[in-house]
Amino acid sequence: MERKKGWLTSGAFAALCSTTKETLRHYKDVGLLLPAHQGDNGYFYYDVEQFYDFYAISIFRQTGTPLEEICRCLRGQDTPKTIELLREQKDRLEAERQRLEHMDFVLSSALRNLEFGPGPDMVPRTGWFESERLLALPVRELEELMPLEASEEKLLIAVLERCRALCSQYGIQTDFQLGAIHQPGEQGGPGAISHLYTRIKEKSDFPYYKEKPAGYYLYLCCRGRWDISEGYTALKNYILEQSLNITGNFYACDLAGFILNSVEKNAASMISVRLSDGPTANKQL
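What counts as what
- Residues numbered from 1 in each chain as written.
- Predicted model: local features only at pLDDT ≥ 70, side-chain atom pairs only at ≥ 80, totals over all residues.
- Heavy atoms only, no water.
- Core = buried A, V, L, I, M, F, W, Y, C linked by side-chain atoms within 4.5 Å.
- Buried < 20%, exposed > 50% of the residue type's maximum accessible area, 1.4 Å probe, protein only.
- Helix = DSSP H or I, 4+ residues; strand = E, 2+ residues; numbered from the N terminus.
- Contact = heavy atoms within 4.5 Å.
- Pairing = 2+ DSSP bridges.
- Axes fitted to C-alpha atoms, helices over the stretch in contact; angles between N-to-C directions.
- Parallel < 35°, antiparallel > 145°, perpendicular 65-115°, else oblique.
- Nonpolar A, V, L, I, M, F, W, Y, C, P; charged D, E, K, R; others polar.
- Disulfide = S-S within 2.5 Å.
- 1 Å grid on protein atoms, 1.4 Å probe; cavity = no way out; pocket = protein on both sides within 12 Å on 5 of 7 lines; lining within 4 Å.
- Points joined across faces, edges and corners; volume = space filled by probe spheres on them.

1. Quick notes on the nonpolar core
- Phe13, Leu24, Tyr27, Leu32, Leu33 and Phe54 are the most contacted members of the largest nonpolar core, which has 18 residues in total.
- When residues of this core are traced back to their parent elements, those giving at least two are helix 1 (10–16), helix 2 (21–29), helix 3 (50–62) and helix 4 (67–76).
- With 4 residues, helix 4 is the single largest residue contributor to this core.
- What Phe54 contacts, discounting residues up to four positions off in sequence, is Phe13, Cys17, Thr19, Thr23, Leu24, Tyr27 and Leu33.

2. A word on unusual backbone geometry
- A positive phi angle, close to 55 degrees, is found at Ser18, a residue other than glycine.
- Its place among the elements puts Ser18 in the loop between helix 1 and helix 2.
- Of the residues examined, Ser18 reaches a relative accessible area of 69% and is grouped as exposed.
- The backbone of Met122 sits at a positive phi, close to 65 degrees, despite the residue not being glycine.

3. Re the pairing of strand 6 (residues 132–138)
- The element strand 6 is largely enclosed, with a buried count of 6 among its 7 residues.
- Where strand 6 lies against strand 8 (residues 190–200), 5 bridges are found, and the strand directions are antiparallel. Across the sheet, Ala136 pairs through a bridge with Tyr197, a residue of strand 8.

4. Brief notes about the packing of helix 2 against helix 3
- Put simply, helix 2 and helix 3 touch, their axes get as near as 13 Å, and they point 90 degrees apart. One finds that helix 2 runs roughly perpendicular with respect to helix 3. Contact residues: Thr23, Leu24 and Tyr27 in helix 2; Phe54, Ile57 and Arg61 in helix 3.
- Among the residues forming the contact of helix 2 with helix 3, the class breakdown is 4 nonpolar, 1 polar and 1 charged.

5. What about the state of the cysteines?
- Across all of its chains, the model carries 0 disulfides by this definition.
- Looking at the unpaired Cys222, the closest cysteine sulfur is the one in Cys221, lying at 7.5 Å.
- With relative accessibility at 0%, the residue Cys222 sits in the buried group.
- This cysteine, Cys253, is not joined by any disulfide, and Cys221 carries the nearest cysteine sulfur, 8.3 Å off.

6. A closer look at the layout of surface pockets
- Estimates place the volume of the second largest pocket at around 250 Å³.
- If you trace the second largest pocket, you find 16 residues lining it, with Arg112, Glu130, Ser131, Glu132 and Arg199 closest to the centre.
- If you list the elements that add at least two residues to the lining of the second largest pocket, you get helix 5 (79–115), strand 5 (125–129), strand 6 and strand 8.
- Tallied by class, the residues present in the lining of the second largest pocket amount to 8 nonpolar, 2 polar and 6 charged.

Encoded structure:
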């Protein structure tokens, strides 16, 4: 590595720190990181120990700390102030970590839903579903909040506002993609809706928590329509025709969500119910 009388040139020091000479020049101009030596030739040189000063600056910069605040911290060598600043930045990083985890959850959920996409419309199929964690609102509770004559738009507003309030109260992350839980009805089909739900990121200990169990499910996708009542009928008829054994609730969920659902032709929903006999219950697969 290039040295000059025991000092590192700005180019060599920039290479050591994986930065640019322009960045070092800017830090020098604002008084943040001054070269340790100036030679007779007018060039500036750095001591290798200043690598740790630059590293500290880069850590602060990555957490969004203003240069002025970094200057005050490094110049003053004030331990209590430094501890306070580090704690502030740690809290900021934690908030950013949670934000990124939430975005990963939302995007992963949307991607998984859309990747169900290429399959045929209104054709029952079977597949393995991982467990899903749900924030489930009892319909009876929503009925108490809304008058019987309330429009679908007002009901949706009430559901979203209630979900948002509960997520804030319990510190829960959700993708706000809505679904419905149907209790089993007569003759193998879905009965009345018991809950409206939205998926949440992690298992939680709160009154509205439910879990859709993992297992092999019979499912059917409805595309290009808001009204999926035909899908319920098709799934029920298929269960009866194939003499399938099902267990648990029926789940209906939106697949396209906020990504594609601005027009009806892009609408996509899925209805599913767990098979008690595993994948061989569907004779087609």
